Amino acid sequence: MKNQTFNENIRNIAIIAHVDHGKTTLVDAMFRQSGVFRDGAQVNERLMDSMDLERERGITIAAKNCSVIWKNIKINIIDTPGHADFGGEVERALSMANGALLLVDASEGPLPQTRFVLKKALDLKIPVILVINKIDRQDARPDEVLDEVYDLFIDLDATDQQLDFPILYAIGRDGIAQKTLDENGKNIDILLDTIIEKIPAPTYDLSEPFQMLVADLGYSDYLGRLAIGKISHGKAEHNDALVCMGENGSETQLKVTRLQCFEGISLKEVDVATPGDIVVLSGIDNVKIGDTICNKNFPKRLPRITVDDPTVFMKFSINTSPFSGKEGKFVQSSKIRERLYKETLRNVAIRMEETEDREIFLVKGRGEFQMAILIETMRREGFELSVGRPQVIFKYEDGMQLEPMEHLFIDCDETFLGIVTEKLSMRKAKMTNLVNNGKGRVRIEFSVPSRSLIGFRDEFLTDTRGTGIINGYLEGYAPFRGEFATRFTGSLVSDRIGIGVAYALFNLEPRGQLFTIPGDPVYEGMIIGEHNRENDINVNPCKEKKLSNMRAAGKDENIVLAPIRPMTLEKALHFIREDELVEVTPKSIRLRKAILSAQQRYMQRNVVKKAANG
């Protein structure tokens, strides 16, 4: 840049951390210290986790923005998700940052998801500040964790300059940060000072006209579509005439109807926005993430945000069960299509494709967890739909079939090493590393096909009695490793519509694990349980005991059924086979066969058998 200038009044920083390492709690402490909240104000904890699902699960799903003022300098904070399935959020969040805060648990150390997000930050060559959090934990080992972080940086090919990062120690929950372990920190001042000192101010070129890369989208009932991004050059003013440069060279004229900046956790209307600031523009409808908004008289495109290709797809369709429309507000395919399209606008990592059947849509994304979050969000909004099993996206090169591979990290007790290794080897995994620290726990690394992990996490937690930790990240594509059985059990399928009866269910218990309780409505083709054997069987869960006048009236009141496992969305997605669907409504999650009629399923089985026998 010829006329490169720094905007010293602003710092833009992204926070990188693994799930549950205290990122959102630390941001709360920064709000308090910088005076975002007035004294005595009632404030919720984990303020940045604004979605209900984020609060329930204790994770960050969507990247969000906020700001604090410290020593008359505005610090824009970009909260990034810690899960690899939400990698699209990470990439667009980092496009707005000039530096990153790497937050690591003082006991757990850097975990795989930390690695995933840090790699993205190092590739962008942005400086990093390391904060070792939760140093008050009884099992804290900050010195060893620091060594592990250095090892991680070296493993990610960090430059000498990137390795020379500032180190702070913190107790985010108490709002304390300090430079050494021996100090007794009183507040978080040192962290805010370090951000201002070590994170470079955003640069811009005085000779360049206004340019902004759209990194996020919002929506307002009053203002319509909102475009969010960092101003690269120039300044924006209210009522400016601009142009939006989209994909394939398209250009759309627009006028800025409102210009807003982040102040604390809310938006404030401003007349002028300066270079380096993160702004929200309203006044454009057909804007997408990655578009460039620039001066109408000097249109100049910025490089688009690129994201990794999706690795998993699922089929979304309308609910065709007999109970369709009874519990949901939105059941039409047009409403589902519209909602999925909106999701692709907001989330660059999700893509939607229409199929030959107008009522079935292919949704592609980063992982099964991301898909489960999308489905859960939709059902809470009042949607009714059917979804198929998550399946991986294969690639073909030179006639060879390639599949996505994960680098899997497992931490478990020594006693469970055998069962975990056996289960994964059956799923075509290859062990790459094993570390036994002599303290009763082992750390194992595997190279494993992504399809092997669909449904494995629940099984892993059962096998390790809930004490195992499993994490992984996408390593790339590799040759197909062969088929393996995903489920060794069949389904108990209802052969009629009706209400579940205790007598019938009691007699079905020896056949397998039930998902239905007495009084639950059932229909033909609905899966009411897991069969002990490999085959599916049709059963009658509505059968009542024939009573005669010879029998005492109270004879059948003592039936006691075994408690059932509540069917969660994730469990349902993991359980189903290719010929089964999950029926999702705002009130219920049911499993069903794709073909409901028992007779039609029987006829199709015969057709498949004949074709197989030639």
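How each quantity is defined
- Residues numbered from 1 in each chain as written.
- Predicted model: local features only at pLDDT ≥ 70, side-chain atom pairs only at ≥ 80, totals over all residues.
- Heavy atoms only, no water.
- Axes fitted to C-alpha atoms, helices over the stretch in contact; angles between N-to-C directions.
- Helix = DSSP H or I, 4+ residues; strand = E, 2+ residues; numbered from the N terminus.
- Parallel < 35°, antiparallel > 145°, perpendicular 65-115°, else oblique.
- Left-handed = near helix turned anticlockwise from the far one by under 90°.
- Contact = heavy atoms within 4.5 Å.
- Core = buried A, V, L, I, M, F, W, Y, C linked by side-chain atoms within 4.5 Å.
- Buried < 20%, exposed > 50% of the residue type's maximum accessible area, 1.4 Å probe, protein only.
- Nonpolar A, V, L, I, M, F, W, Y, C, P; charged D, E, K, R; others polar.
- Salt bridge = Lys/Arg side-chain N within 4 Å of Asp/Glu carboxyl O.
- Polar contact = N/O pair within 3.5 Å; in protein donor to acceptor, adjacent residues only side chain to side chain.
- Phe/Tyr/Trp six-rings, centres within 6.5 Å; stacked < 30°, edge-to-face > 60°.
- Lys NZ or Arg CZ within 6 Å of the ring centre and 35° of its normal.
- Arc of directions from axis to C-beta.
- Pairing = 2+ DSSP bridges.

Novice: Which parts of the structure should I look at to understand the packing of helix H8 (residues 333–346) against helix H9 (residues 368–380)?
Specialist: A pair of packed helices can be characterised by two numbers: the angle between their axes and the separation between those axes. The geometry of H8 relative to H9 is characterised by a closest axis approach of 12 Å and an angle of 130 degrees between their N-to-C directions. In terms of orientation, H8 and H9 fall into the oblique class. In this structure, H8 crosses over H9, and the sense of that crossing is right-handed. Along its contact with H8, which presents Ile-336, Arg-339, Leu-340 and Glu-343, the element H9 presents Leu-374, Thr-377 and Met-378.

Novice: I would appreciate a short explanation of the nonpolar core in the present structure.
Specialist: Across soluble globular proteins, nonpolar side chains have a tendency to be buried as a group. Of all hydrophobic cores here, the largest spans 65 residues; its most connected members are Leu-102, Phe-153 and Ile-293. What Ile-293 contacts, discounting residues up to four positions off in sequence, is Phe-210, Gln-211, Met-212, Val-214, Ala-227, Leu-242, Val-243, Cys-244, Leu-254 and Leu-281. Counting 28 residues, the second largest nonpolar core, distinct from the first, contains Met-314, Phe-515, Leu-569 and Leu-573.

Novice: I keep staring at the packing of helix H10 (residues 417–426) against helix H11 (residues 456–463) and nothing clicks. Help me out?
Specialist: It is at 10 Å that the axes of H10 and H11 come closest, and there the two elements cross at 160 degrees. Between H10 and H11, the angle falls in the class roughly antiparallel. Once H10 is placed against H11, the crossing between them reads as right-handed. Of the residues in H11, those in contact with Ile-419, Val-420, Lys-423 and Leu-424 of H10 are Phe-456, Glu-459, Phe-460 and Asp-463. When its residues are assigned to classes, the contact of H10 with H11 shows five nonpolar, no polar and three charged.

Novice: Would you mind going over the pattern of salt bridges with me for this structure?
Specialist: Scanning the entire structure with this criterion turns up 34 salt bridges. Put simply, Arg-590 and Glu-327 hold a salt bridge, and the shortest N to O gap is 3.2 Å. Pair noted here: Arg-590 is in strand S37 (residues 589–593) and Glu-327 is in the loop between strand S20 (312–317) and H8, with a separation of 263 residues, a long-range link. Using a relative accessible area of 10% as the deciding quantity, one classes Arg-590 as buried. Since its relative accessible area comes to 22%, Glu-327 is described here as partly exposed. A salt bridge links Arg-496 to Asp-495, with the shortest nitrogen-to-oxygen separation between them at 2.8 Å. Accessibility expressed as a relative area gives 39% for Arg-496, which makes it partly exposed. By relative accessible area, Asp-495 is classed as partly exposed at 26%. A single salt-bridge network, built from bridges that share partners, covers Asp-536, Arg-577, Asp-579, Glu-580 and Lys-593.

Novice: Where do I start with the side chain of His-407 in this structure?
Specialist: Along the polypeptide, His-407 turns up in strand S26 (residues 400–413). Within polar-contact distance, the side chain of His-407 engages the side chain of Glu-445 at 2.8 Å. Engagement of the side chain of His-407 in a polar contact is seen with the side chain of Glu-475, the distance being 2.9 Å. When residues no more than four places from it in sequence are discounted, the contact partners of His-407 are Thr-432, Glu-445, Phe-446, Asn-471, Gly-472, Tyr-473 and Glu-475.

Novice: Teacher, can you tell me more about the packing of aromatic side chains here?
Specialist: Think of a pair of aromatic rings as described by two things: how far the centres are apart, and how the planes are tilted against each other in angle. Enumeration according to the criterion identifies seven aromatic pairs in this entry. An angle of 40 degrees between the planes, with centres 4.9 Å apart, marks the rings of Phe-330 and Phe-383 as tilted. Remark: Phe-383 occurs in the loop between H9 and strand S23 (385–387) and Phe-330 occurs in the loop between S20 and H8; sequence separation between them is 53 residues. Residue Phe-330 is classed as partly exposed on the basis of its relative accessible area, which comes to 22%. Ring plane angle 40 degrees and centroid distance 6.0 Å describe the contact between Phe-456 and Phe-460, whose orientation is recorded as tilted. Separated by four residues within a single helix, Phe-456 and Phe-460 lie in helix H11, roughly one turn from each other. A single burial state applies to Phe-456 and to Phe-460, both of which are buried. Looking at Lys-395, its charged tip hangs above the ring of Tyr-477, at a distance of 4.3 Å from the centre.

Novice: What is the right way to read the environment of Ser-452 from this model?
Specialist: Here Ser-452 shows up in the loop between strand S28 (441–449) and H11. A residue is classified by how much of its surface remains accessible, and Ser-452, at 0% relative accessible area, is buried. In the structure, Ser-452 is positioned 34 residues away from Thr-486 in sequence and 7.9 Å away in space, judged by C-alpha atoms.

Novice: What is the right way to read H10 from this model?
Specialist: Think of an α-helix as turning once every 3.6 residues; residues three or four places apart then point the same way. Inspection of H10 places Val-420, Lys-423 and Leu-424 among the buried residues, and these make up the whole buried set. Axial view of H10: buried residues confined to an arc of 95 degrees, hence all on one face. Where H10 is buried, its residues contact S26, S28 and H11. Lys-428 sits one or two positions beyond H10 and adopts a positive phi of about 70 degrees.

Novice: Hey, could you run me through the pairing of strand S4 (residues 73–79) in this one?
Specialist: Looking along a regular strand, one sees the side chains alternate between the two faces of the sheet. Among the seven residues of S4, seven are classified as buried, and the element is accordingly described as predominantly covered. On S4, burial covers both faces: Ile-73, Ile-75, Ile-77 and Asp-79 on one face and Lys-74, Asn-76 and Ile-78 on the other are all buried. Sheet topology places strand S2 (residues 10–17) next to S4; six bridges connect them, and they run parallel. The partner of Ala-14 across the bridge, within S4, is Ile-78.

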